[in-house]
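Fold and geometry: a report
Listed below, chain by chain, are the residues.
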Amino acid sequence: MAQLPPEIVELGDNIRDLKEQLKAQGLSNKMIKDNEMYQELAQQLDTMKIEAGFDPKTNKPLQGDAPRRPGTPKKNQAASQRVVSELMAVSDLLEEAIQQVREGHERLQRERTEIREQKEEATRAIEEAEATRQVLLQKLGR
């Protein structure tokens, strides 16, 4: 496997250190992922990897592309950056949709519980009314 340039390795180490610091402060993984500084550094790291000719997720050289040499066209690099940016935007949209579905699920669970409690209360009221009716009918001699 190809070696990442030292500046990329250093930035990756800095991001891991930041993540550990945020975890030590009690932040959840989601809160860390939403942290502005973390997002900026992660985006910068992905950009640096693409510019160096590496896949940002696997750290492997980009398929069909050797690492760029000085003076080579940046067309593929720009296209790769656009794709990564678009994928990250889609990922953010999916994360928002998942959160909305979770919130909707929780709301439905609460509503279901409320309905169940109301049904039980109504059943008890019916049973009490029926018992009262039976007592009244006995007193009337029916």
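Notes on the structure in this doc start here. (Residues numbered from 1 in each chain as written. Predicted model: local features only at pLDDT ≥ 70, side-chain atom pairs only at ≥ 80, totals over all residues. Heavy atoms only, no water.)

Concerning the overall build of the chain
The following threshold applies: Helical segments are the DSSP runs of H or I of at least four residues, strand segments are the runs of E of at least two, and each set is numbered from the N terminus. Whether a residue is buried, partly exposed or exposed follows from its accessible area with a 1.4 Å probe, protein chains only, as a fraction of its type maximum: under 20%, in between, or over 50%, in that order. Working rule for contacts: check all heavy atoms of both residues, and any pair within 4.5 Å makes them a contact. Computed with a 1.4 Å probe, the accessible areas rest on the Shrake-Rupley method; for each residue, only the protein chains presented here act as cover.
On a plain count of helices and strands, the chain comes out with four helices and zero strands. In sequence order, the chain lays out its α and β elements as α-α-α-α. When each of the 142 residues of the chain is scored for burial, the buried share is 16%. For the chain, restricting intrachain contacts to residue pairs at least 6 apart in sequence, the fraction spanning at least 24 positions comes to 51%. Per element, the accessible surface of the chain, about 11,400 Å² overall, is 53% carbon and sulfur.

Thoughts on the side chain of K49
Defined as follows: This count recognises Lys and Arg as positive and Asp and Glu as negative, with His and chain-terminal groups excluded. For this document, the term salt bridge refers to a Lys or Arg side-chain nitrogen within 4 Å of an Asp or Glu carboxyl oxygen.
For K49, the location among the structural elements is in helix α3 (residues 36–51). One buried charged side chain, K49, makes no salt bridge at all; its nearest oppositely charged neighbour is D46, positioned 5.1 Å away. Ignoring anything within four residues of it in the chain, the contact list for K49 reads I8, F54, D55, P56 and N59.

Notes on the nonpolar core
Convention followed: In this text, buried Ala, Val, Leu, Ile, Met, Phe, Trp, Tyr and Cys residues form a nonpolar core when linked through side-chain atoms within 4.5 Å.
The biggest cluster of nonpolar side chains holds twelve residues, and these are L4, I8, L11, I15, L18, L22, I32, Y38, L45, M48, A52 and F54. Counting only elements with at least two residues in this core, the list comes to α1 (6–24) and α3. When residues of this core are assigned to their parent elements, the largest contribution, five residues, is made by α1. Sequence-distant contacts of L4, that is, excluding residues within four places in its chain, are made with V9, F54 and N59.

As for the pattern of salt bridges
By the definition in use, this model includes seven salt bridges. Taking the shortest distance from any N to any O, the salt bridge between D13 and R16 comes out at 2.6 Å. Taken as a pair, D13 and R16 lie in helix α1 at a separation of three residues, close to a single helical turn. D13 gets classed as partly exposed once you look at its relative accessible area, which sits at 34%. A relative accessible area of 49% places R16 in the partly exposed class. In this structure, K30 engages E95 in a salt bridge whose closest nitrogen and oxygen atoms are separated by 3.4 Å. Taken together, the residues span a long stretch of sequence, with K30 in helix α2 (residues 29–34) and E95 in helix α4 (residues 75–140) at a distance of 65 residues. Judged by relative accessible area, K30 falls into the partly exposed class, the value being 39%. Among the ionic contacts, a cluster of salt bridges with common partners joins K30, K33, D34 and E95.

Structural notes on the environment of K23
As for its placement among the helices and strands, K23 is situated in helix α1. Residue class for K23 comes out partly exposed when judged on its relative accessible area of 38%. In this structure K23 touches N29 and I32, once residues within four positions along its chain are discounted.

From the geometry alone we can't say anything about function, so treat these as descriptive.
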